[in-house]
Amino acid sequence: MGEGITEVDRLEALVDEGVGDVARYLALIRKLKLRRSSKVAKHGMELLRNSSARAKLGADVWTVYEQVAIAALDCQCLTAAKECIGALLKKFPDSTRVGRLEGMWFEARGSWQQAEKVYASILEERPTDARILKRKIAMAKAQGNLMGAVDEMNKYLELFMADHECWKELADVYLSLQMYKQAAFCYEELILVQPANALFHLGYAEILYTIGGLENLKTAKKYYASAIELSGGKNMRALYGVCLCAAGINQAKGRNIKDEKENSTVHTLAADVIKREYRLKAPKKASLAACILEA
Amino acid sequence: MKYQISQTAYVKLALHALKHRSAAVNGILVGRVSGGGGGGGAEEDSAATVSIVDCVPLFHGQLGLLPMLELALTQIEEYFSSHQEGLSIVGCYHANERFDDYDLSGIPRKIGDHIARYFSSACVLLLDNRLLESLAKAGKKPAVQLFTRDSSRGWRSAPGSSDLVLAESTANEILYDYILEGREQSVTDFDDHLDDISKDWLNPGLFD
């Protein structure tokens, strides 16, 4: 993923100067699912308004229209978005995929009821259209109706229970509402769906630490440790996390002496890695990093 | 108690929010108390001023988790107490995810409560998006809402805008210029540091 981002940044710099391959840049953004809406909207519109550049896209032109429409909506460029959606409607007059864009255009204006109408009519024909169900979730969130968004997401997950993006989104909303136990449950589902994903182990550990208590700290430490392993020992949050858990466990009452021995190896190893990394990459901060590790 | 915010702190926190337009962001405010009897009870020291001298951008996106917050608070307190005389943590700032959300939610309140245990005149600043949008006309008014603790230990918004002033009257102009330049891309927060520790959450070159 890191190399992908570097490549995108490189292309973006060229495109900004007017010498880059815009089509390739847009394709890479699509592939990596990045949200760089002002660049995509600006360069995308320029490309689409140029008939020869447009012709070179071949069949991809429709995907690009869709991508640029969404980017334009993200930047509140409603006229530009309308242009793109118009072109798509001409080519695909009965498409529900384009219908979604029409709904999104209403959403961007804050015309929630109009958007609802568009989505309701699509759902009448296709009650389990995942894309439209996701728009309903997004609309609830955009209007600040977080509990409504939670409801919609729970309904969606009953239909699409392996959709890890939705579990993650649900976890994030629970966290913003400080509903930590519910967020923890989501992360348990995420780990089931993708057991080798270090970020899910990390997220789960962070939630358990936040809830607190000796048992949770012990479990959090295990998940921080697995996150370290799954990330090849590179994840700084997980390394710090193990140390924070060890410190918390040591300070908590009711712990076993046996636990203390297990504690020492993992967290000392992690502390050594942290100190080494700081010496190499951030020497000015090395003493600050060390102060929390001595605790 | 009066509150004053330096150009450095103000511009930095605004740029942090602008870098992550579709996410909530938060950070820590660092400063000192001057005048009055010291950092004691707010009621007694109405002549005192809390000067917010600098800030440290913390996180973007997910703000409700404890471990990295605890880590950041420890490192920030350690840095400022040993490198910058008389400076300590005096509050926090928060910018909501949605444009028209003016609520101070549970998370900034909790962080504020935690800081208030060590500094009773702690404040929470909530970014005001409408004011930020119309910066050119903002003049001397900072685009943030000040919250302080009242006698029942709840967070309430200061009644008038005179309770928080910009230390330098040029702050909004400078911010406006930086936005035109896209300077917000250069802000580093604690999240960025954790992703790549060579990035410095002190943001040393930000205003060069």
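It should be emphasised that the depicted structure is a prediction, and the values quoted were computed from it without experimental measurement.

K.L.:
Summarise the overall build of chain B; cite the residues concerned and give the values.
P.N.:
Helices and strands together make up the secondary structure of chain B, namely 7 helices and 8 strands. Here the C-alpha atoms of chain B give a radius of gyration of 16 Å, agreeing with the 17 Å that 2.2 N^0.38 yields for 208 residues. Overall, chain B is about 45 × 40 × 30 Å in size when its C-alpha atoms are taken along their principal axes. When the 208 residues of chain B are sorted by exposure, 52% land in the buried category. Considering only residue pairs separated by 6 or more positions, chain B has 72% of its internal contacts joining residues 24 or more positions apart. For chain B, the exposed area adds up to about 8,900 Å²; of that, 46% sits on carbon and sulfur atoms. Across chain B, the centroid of the 18 positively charged side chains sits 5 Å from that of the 29 negatively charged ones.

K.L.:
Can you explain the packing of helix α3 (residues 37-48) of chain A against helix α5 (residues 61-74) of chain A? Please cite residues and give values.
P.N.:
Residue and element names in this part refer to chain A. Running from amino to carboxyl end, α3 crosses α5 at an angle of 135°, the nearest separation of the two axes being 8 Å. If you check the angle between α3 and α5, you find them oblique. Every pair of crossing elements has a handedness; the one defined by α3 and α5 is left-handed. Two secondary-structure elements touch here, α3 through Ser 37, Val 40, Ala 41, Gly 44, Met 45 and Leu 48 and α5 through Val 61, Val 64, Tyr 65, Gln 67, Val 68, Ala 71, Ala 72 and Asp 74. Split by residue class, the contact of α3 with α5 holds 10 nonpolar, 3 polar and 1 charged.

K.L.:
Mind laying out the UniProt feature "repeat: TPR" (unreviewed entry) in chain A, listing which residues take part and the relevant values?
P.N.:
Per the UniProt record, "repeat: TPR" (unreviewed entry) is annotated on residues 164-197 of chain A. Taken end to end, residues 164-197 of chain A has its terminal C-alpha atoms 11 Å apart, with 79% of it in helix and 0% in strand.

K.L.:
Got a sec to walk through the interface of chain A and chain B? Specific residues and values, please.
P.N.:
In this complex, chain A contributes 29 residues to the contact, which on the side of chain B involves 27 residues. Of the roughly 2,400 Å² buried between chain A and chain B on both sides combined, carbon and sulfur atoms contribute 63%. Among the residues of chain A in contact with chain B, A:Arg237, A:Lys285 and A:Leu288 are the three that bury the most area, contributing 26% of the side total. Summed over the shared surface of chain A and chain B, the result is 4 salt bridges. For A:Arg237, the salt bridge is made with B:Asp191, and the minimal N-O distance between the two is 2.7 Å. Inspection of the chain A/chain B interface yields 11 residue pairs in polar contact (both at pLDDT 80 or more). Going through the elements one at a time, α9 (130-142), α11 (164-176), α13 (198-211), α15 (236-251), α16 (257-281) and α17 (286-294) of chain A are the ones with two or more residues in the side of chain A that touches chain B.

K.L.:
How would you explain the pairing of strand β4 (residues 88-95) of chain B if you had to name every residue and give the values?
P.N.:
All names here are of chain B. Burial runs high along β4: 7 of the 8 residues are buried. As judged from the 7 bridges shared by strand β2 (residues 25-34) and β4, these two strands associate in the antiparallel manner. Across the sheet, the residue bridging to Val 25 is Ala 95, located in β4. Alignment of β4 against strand β5 (residues 123-127), held across 4 bridges, turns out to be parallel. When the sheet's bridge partners are listed, His 94 is paired in β5 with Leu 126. Note on the crossover from β4 through helix α3 (residues 106-118) to β5: the handedness is right-handed.

K.L.:
For the UniProt feature "domain: EMC2 TPR-like" (unreviewed entry) in chain A, give the residues involved together with the corresponding values.
P.N.:
Taken from the UniProt record, the annotation "domain: EMC2 TPR-like" (unreviewed entry) applies to residues 97-207 of chain A. Taken end to end, residues 97-207 of chain A is 82% helix and 0% strand, and its first and last C-alpha atoms sit 37 Å apart.

K.L.:
Requested: an account of the sheet that holds strand β7 (residues 155-157) of chain B, with residues and values cited.
P.N.:
Residues and elements named next belong to chain B. Spatially, β7-β6-β5-β4-β2-β3-β1-β8 is the arrangement adopted by the 8 strands of the open sheet, whose pairing is mixed. The open sheet has two edge strands, β7 and β8 (164-166), and neither has a second partner. Ignoring which end each strand starts from, the neighbouring axes of this sheet average 35° apart. Summarising the sheet, β2 and strand β3 (residues 49-60) pair through 10 bridges and their orientation is antiparallel. Counted as the bridge partner of Asn 26 is Phe 59 from β3. Strand contacts of helix α2 (residues 66-83): β2, β3 and β4, with the helix running at about 140° to β3, the strand carrying the most contacts. Set on the sheet, α3 makes contact with β2, β4, β5, β6 (144-149) and β7; between it and β4 the angle comes to about 175°.

K.L.:
Break down the environment of A:Met161 for me, with residues and values.
P.N.:
Looking at the element boundaries, A:Met161 is found in the loop between α10 (146-159) and α11. When the C-alpha positions of A:Met161 and A:Leu192 are compared, they lie 11 Å apart, and in sequence the two are 31 residues distant.

K.L.:
I'd love a proper account of the nonpolar core, names of residues and values included.
P.N.:
Within soluble globular proteins, side chains that are nonpolar generally end up buried alongside one another. By size, the foremost hydrophobic cluster in this structure holds 166 residues, and its most contacted members are A:Tyr240, B:Ile76 and B:Leu125. It is α15(A) that provides the largest number of residues to this core, a total of 9 residues. Per-domain counts for this core show at least three residues from each of domain 1 (1-92) and domain 2 (196-294) of chain A. Not counting chain neighbours up to four residues away, the residues in contact with A:Tyr240 comprise A:Ile274, A:Tyr278, A:Ala289, A:Ile292, B:Met68, B:Leu71, B:Gln75 and B:Leu194.

What counts and what doesn't
- Residues numbered from 1 in each chain as written.
- Chains lettered and ligands numbered in written order.
- Predicted model: local features only at pLDDT ≥ 70, side-chain atom pairs only at ≥ 80, totals over all residues.
- Heavy atoms only, no water.
- Helix = DSSP H or I, 4+ residues; strand = E, 2+ residues; numbered from the N terminus.
- Rg over C-alpha atoms; globule rule 2.2 N^0.38 Å.
- Buried < 20%, exposed > 50% of the residue type's maximum accessible area, 1.4 Å probe, protein only.
- Contact = heavy atoms within 4.5 Å.
- Areas by Shrake-Rupley, 256 points an atom, 1.4 Å probe, with all protein chains shown as cover.
- Lys, Arg positive; Asp, Glu negative; His and termini not counted.
- Charge placed at Lys NZ, Arg CZ, Asp CG, Glu CD.
- Axes fitted to C-alpha atoms, helices over the stretch in contact; angles between N-to-C directions.
- Parallel < 35°, antiparallel > 145°, perpendicular 65-115°, else oblique.
- Left-handed = near helix turned anticlockwise from the far one by under 90°.
- Nonpolar A, V, L, I, M, F, W, Y, C, P; charged D, E, K, R; others polar.
- UniProt positions renumbered as here; feature names shortened; annotations may be inferred.
- Buried area = accessible area lost by both parts, 1.4 Å probe.
- Salt bridge = Lys/Arg side-chain N within 4 Å of Asp/Glu carboxyl O.
- Polar contact = N/O pair within 3.5 Å; in protein donor to acceptor, adjacent residues only side chain to side chain.
- Pairing = 2+ DSSP bridges.
- Right-handed = clockwise from strand over helix to strand, strands pointing away.
- Core = buried A, V, L, I, M, F, W, Y, C linked by side-chain atoms within 4.5 Å.
- Domains from an automatic or database assignment.

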